[in-house]
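Observations on the model geometry
Given next are the chains, with one letter for each unit.
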Amino acid sequence: MKHILITNDDGFDAIGIKALIKALSPIAKLTVVAPAKNKSACGHSLTLDRPLRMINVNDDYYKIDDGSPTDCIFISINNLFKEGYKPDLVISGINIGANMGEDITYSGTAAAAMEATLQGIPAIAISQVCNNRCEDITSEKDFALAKKTIATIAKKILENKFPLENRRFLNINIPPIKENECKGIKITKAGYRVYGNDTHRHLNPRGEEFYWIGLHPLIWERSENLDCDFEAIKGNFISISPIMLDMTSYDDITNLNNWIKE
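Residues numbered from 1 in each chain as written. Predicted model: local features only at pLDDT ≥ 70, side-chain atom pairs only at ≥ 80, totals over all residues. Heavy atoms only, no water.

Our focus in this paragraph is the state of the cysteines. Summed over all chains, the structure comprises 1 disulfide. Residue Cys-130 pairs covalently with Cys-134 via a disulfide, S to S 1.9 Å. Overall, the relative accessible area of 15% leaves Cys-130 in the buried class. Free of any disulfide, Cys-228 has its nearest cysteine sulfur in Cys-182, 16 Å distant. (Disulfide = S-S within 2.5 Å. Buried < 20%, exposed > 50% of the residue type's maximum accessible area, 1.4 Å probe, protein only.)

Shown next, in the form of structure tokens:
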């Protein structure tokens, strides 16, 4: 039987991860390793300044005390799986809120999939786009389209029917609509997000300053590129963006080398 490793960045008891478990349990053996608390927007962080505890919650279900999603993947692969054996697939989510455009760089959800990819394991990050600051997400029923989508895609990958190339993971975003309103799936590129600077300065009772970083509205640069993730979600399509871990800064390296020599 195929084996899927599950994590998230919303915490081990988030409704999104519970929905993911229900969606995947019919198709594979599951091991769950997730942060003990919400670690949203922690990026691809690995904890190096303190030891971490992996706490058994239930059968094949663990939480890592104050650990990041990257920690969860790194520790579980090296300690829960026999030497020489890795899970067949890693799935991170279902995140509450979008992970599109450059938000991928902040996302702990995407970072967990990225870590799995670096470890040579096929991986998916899946997020549920929502409205009203996600106040409309109240139960597992709100993930119906996400559950159906992830079960379908995961099954195809496990059966080698989905072309997921080396050093790539899938970043899936689900539109905030009902199943019967979905127009299908689009393979997309990551769009360009427009960011503000929403920080709030406050004083505590002792007069010391502290700051809250606020939430930015989901706005993106309009362009002729209708194949980006933002446009797909706007059009009521499921967005699947293959993200390639290629750290070269430019495609035109030859031209830059020529510029340096001048």
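Let's pick the thread back up.
Taken in spatial order, the 9 strands make up an open sheet running S3-S4-S2-S1-S5-S6-S7-S11-S8, and their pairing is mixed. Among the strands making up the open sheet, the edge pair consists of strand S3 (54–58) and strand S8 (185–187). Each adjacent strand pair in this sheet contributes to an overall mean axis angle of 20 degrees, direction not counted. Bridge analysis of strand S7 (residues 168–174) against strand S11 (residues 238–244) gives 6 bridges, and the strand direction is antiparallel. Counterpart to Asn-171 in the pairing with S11 is Ser-241. The sheet strands contacting helix H3 (residues 108–118) are strand S1 (3–7), strand S5 (89–96), strand S6 (123–128) and S7, and the helix crosses S6 at an angle near 170 degrees. Of the strands in this sheet, S1, S5, S6, S7 and S11 touch helix H4 (residues 144–158), which is tilted by about 160 degrees from S7. (Pairing = 2+ DSSP bridges. Helix = DSSP H or I, 4+ residues; strand = E, 2+ residues; numbered from the N terminus. Axes fitted to C-alpha atoms, helices over the stretch in contact; angles between N-to-C directions. Contact = heavy atoms within 4.5 Å.)

Per the stated rule, a full pass over the model turns up 1 aromatic pair. Seen from their ring centres, Phe-81 and Tyr-85 are 6.0 Å apart, and the 35 degrees between their planes marks the pair as tilted. The buried category is assigned to Phe-81, whose relative accessible area is 8%. Under the relative-accessibility criterion, Tyr-85 is labelled partly exposed at 36%. Lys-186 extends its terminal NZ or CZ atom over the ring of Phe-237, reaching a point 4.5 Å from the ring centre. (Phe/Tyr/Trp six-rings, centres within 6.5 Å; stacked < 30°, edge-to-face > 60°. Lys NZ or Arg CZ within 6 Å of the ring centre and 35° of its normal.)

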